[in-house]
Amino acid sequence: MRRNDNSRLHESSKRLDSAGEMSSKIRSQGGRYMTRLFFILIWVSILFPLLSLIWAQEYSELWGATGEKWSSTSRLPDFSFAGYHSGEKPISTIPPTANVKSYGAKGDGQHEDSQAFLDAIAATSHGTILIPAGRYKISQILEIHRGDIVLRGASPAETVLFFPIPLNRLKPNMGQTTSGRPTSNYSWSGGLIWVKGWRRSNKLSQVTEGSLRGQQKLSVSLPDQFHPGQRIEIRMVDDSQQSLLKYLYTDEAGDTSKIKKPIRISMVCRVISTDGDQLTIDRPLRFDVRSAWQPEIHLDQPMVTEVGIENLTIAFPAQKYQGHFTEQGYNAIAFNNVYDCWVRQVRIVNADSGIYATGRFCTLEGITFQAERGTDRRGSTGHHGVQLGSDNLFTDFDFQTKFIHDITLSYRSAGNVCSNGRGVDLSLDHHKKAPYENLFSQIDLGIGTRMWKSGGGRALGKHCGARGTFWNIRAERNQKWPPKGFGPKILNLIGIQTDQPSLIKTNDKWFEAIDPAQLQPPDLHQAQLQYRLNK
């Protein structure tokens, strides 16, 4: 009995050991299973939002994902040539050669530092003028008449240029509006830092046959005048029937009865090659070339380039803004007839107007607008925030105050890009006389009550010309197609904050109601630039 009992105990022990091993195996396998499940859940939590974003992405029928739906002849223009050297090289870093302190500047906010700045500019033929940390009182206009000069502060927080006297007191220049109201001409021009350029230009050839918008070949009378890399300007002038003006509005110009002189348009490009009488240029034509408009090609040789203003604040007295056309010229910066220049990382405070950049291929980057002055009855603290010429890039901006016209395009301005910016309640001002083929991309309007609010005199045409493009525009309030007086039907609205349905017609309105958060690519300018450079 005892042996049998021991035998039973031994068998029971073996069964318990076996059960323990099995339980251990089960626990081990269960642990591995739970570990795998844990990691799967982690990956799902990471991938699902990413996949959701990918699945939610939407693409424009005018561009596609990577430009596969685009062609140079489509209604969507090529905006990739905007800005400093057409985006093909980074902004120059010019070595320091002078320091305003070496010319007697104090930077204490009390002493007059004008002459030190004027002397430093006059003595610098090429290089960067350093402006160390400090507050510099400047009571004269700082004019720059040659290229390769940079004014560089320590940072916008550290270097402040304070201008206590407006332009019209320093250099009186009275005029009147298109309606005859007397006002200072500095209401729409000039800057207390004023870069003045000029160009050498002579006629090279006539264009002997017509070409269509989007093409890159021209027939010329004197092909031997051209060589690869040469910068040229294609010029045209309107006829007595205003057919060119009408063309810029795709035959929806509106009342143009006050435009008395024939308008002139031009486009700057570079020569790629010649073959017989055929000239190939580096970019698509932004307009048709017709014999009725007397097309000519001129040499384009800008004499002031590579001027920069960076890393500083420009400030004015905190005087209440008196309203439209009362401005005396507390204007920060003006670029006149200059190419390949820049303003970057600059803060502008209490300005009548911020920057008049009427040159070409200039970049304005990282500009902040602020005001401590009282507003007019509309809640504005100044007239124009920025006004652009042609083929300029205005990017990474922040309007922390309201101007009557925050961003202005005027008088046949074309090829400009305004991108990656925001404002309190932005006004995208199109100031009549056919500003055409300009881009607003990836912009936060703020409240969103003034997107289409625009100025300009009476009977000077509709505000915006053909193929103005608005891409990825966000706002607190929903936006609609602009009112009839704003521009022609041939505008492009893609990814606008809206509750309206899409309306897409090839030769009519183009309104793609895509959620801005889902639109890809988010910035059309960058997508087009990469497309061109990669190609």
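Cut-offs and rules
Once a new chain begins, its residue numbering starts again from 1 and follows that chain's sequence as written. Totals for whole chains, interfaces and linings use every residue, but because this is a predicted model, local features are given only for residues with pLDDT of at least 70 and side-chain atom pairs only at 80 or more, for both listing and counting. Note that the side-chain values use all heavy atoms of the structure and ignore hydrogens as well as water. To qualify as a helix, a DSSP run of H or I must reach at least 4 residues; to qualify as a strand, a run of E must reach at least 2; elements of each kind are numbered from the N terminus. When a residue's accessible area, from a 1.4 Å probe over protein chains only, is under 20% of the maximum for its type it is buried; when over 50% it is exposed; and in between it is partly exposed. By definition in these notes, contact holds between two residues if any of their heavy atoms fall within 4.5 Å. Areas reported as accessible are Shrake-Rupley estimates using a 1.4 Å probe. Residue values count occlusion only from the protein chains shown. We call a set of buried residues a nonpolar core when its members are Ala, Val, Leu, Ile, Met, Phe, Trp, Tyr or Cys and they connect through side-chain atoms within 4.5 Å of each other. For two strands to pair, DSSP has to find at least two bridges joining them. For helices, the fitted line uses only the C-alpha atoms of the stretch in contact; every axis is such a line through C-alpha atoms, and the angle between N-to-C directions lies from 0 to 180 degrees. Values of pLDDT, the confidence the predictor places in each residue, fall between 0 and 100. Polar contacts, as used here, are pairs of N or O atoms within 3.5 Å; protein pairs need one atom able to donate a hydrogen and one able to accept it. Residues neighboring in sequence count only if both atoms are side-chain atoms.

Within the chain, the secondary structure is distributed over five helices and 36 strands. Across the 535 residues of the chain, 53% fall into the buried class. Long-range contacts, defined as pairs at least 24 residues apart, comprise 68% of the intrachain contacts of the chain with a sequence gap of at least 6. Accessible surface computed for the chain: about 23,800 Å², of which carbon and sulfur atoms make up 51%.

On to the nonpolar core. If you look at the biggest cluster of nonpolar residues, it comprises 74 residues, and the most contacted ones within it are Phe-335, Leu-364, Phe-394 and Phe-470. For Phe-394, the contacting residues outside a window of four places in its chain are Leu-364, Ile-367, Phe-369, Val-386, Leu-388, Phe-399, Ile-407, Val-417, Cys-418 and Ser-419.

Further remarks concern the sheet that holds strand β23 (residues 353-360). The strand order across the open sheet built from seven strands is β6-β11-β21-β23-β25-β28-β30, with neighbouring strands paired in parallel fashion. Each of the sheet's edge strands pairs with one partner strand only, and the pair in question is β6 (142-144) and β30 (428-430). Adjacent strand axes in the sheet meet at a mean angle of 15° when their direction is disregarded. As paired strands, strand β21 (residues 331-336) and β23 are joined by four bridges and run parallel to one another. Residue Phe-335 lies in a different strand from β23, and its bridge partner there is Ala-357.

Time to look at the sheet that holds strand β14 (residues 217-219). Consider a sheet: its strands pair through backbone hydrogen bonds, and that pairing is either parallel or antiparallel. An order of β13-β18-β15-β16-β17-β14 is seen for the six strands of this open sheet, with the pairing classed as antiparallel. Looking at which strands have only one partner, the edges of the open sheet turn out to be β13 (203-206) and β14. The average angle at which neighbouring strand axes cross in this sheet is 40°, direction not considered.

The next thing to look at is the confidence of the model for the chain. Close inspection of predicted coordinates is inappropriate for parts of the model with low pLDDT. When pLDDT is averaged along the chain, the result is 93; 90% of the residues meet or exceed 70. Scored below 50 in pLDDT, residues 1-10 makes zero contacts in the model with residues more than four places away or belonging to other chains.

With respect to the helices, strands and loops of the structure, Ser-219 is situated in strand β14. Given a relative accessible area of 5%, Ser-219 falls into the buried group. There is a polar contact of 2.6 Å between the side chain of Ser-219 and the side chain of Gln-278. With residues up to four places along the chain from it excluded, the contact list for Ser-219 reads Gln-206, Val-207, Thr-208, Glu-209, Asp-277 and Gln-278.

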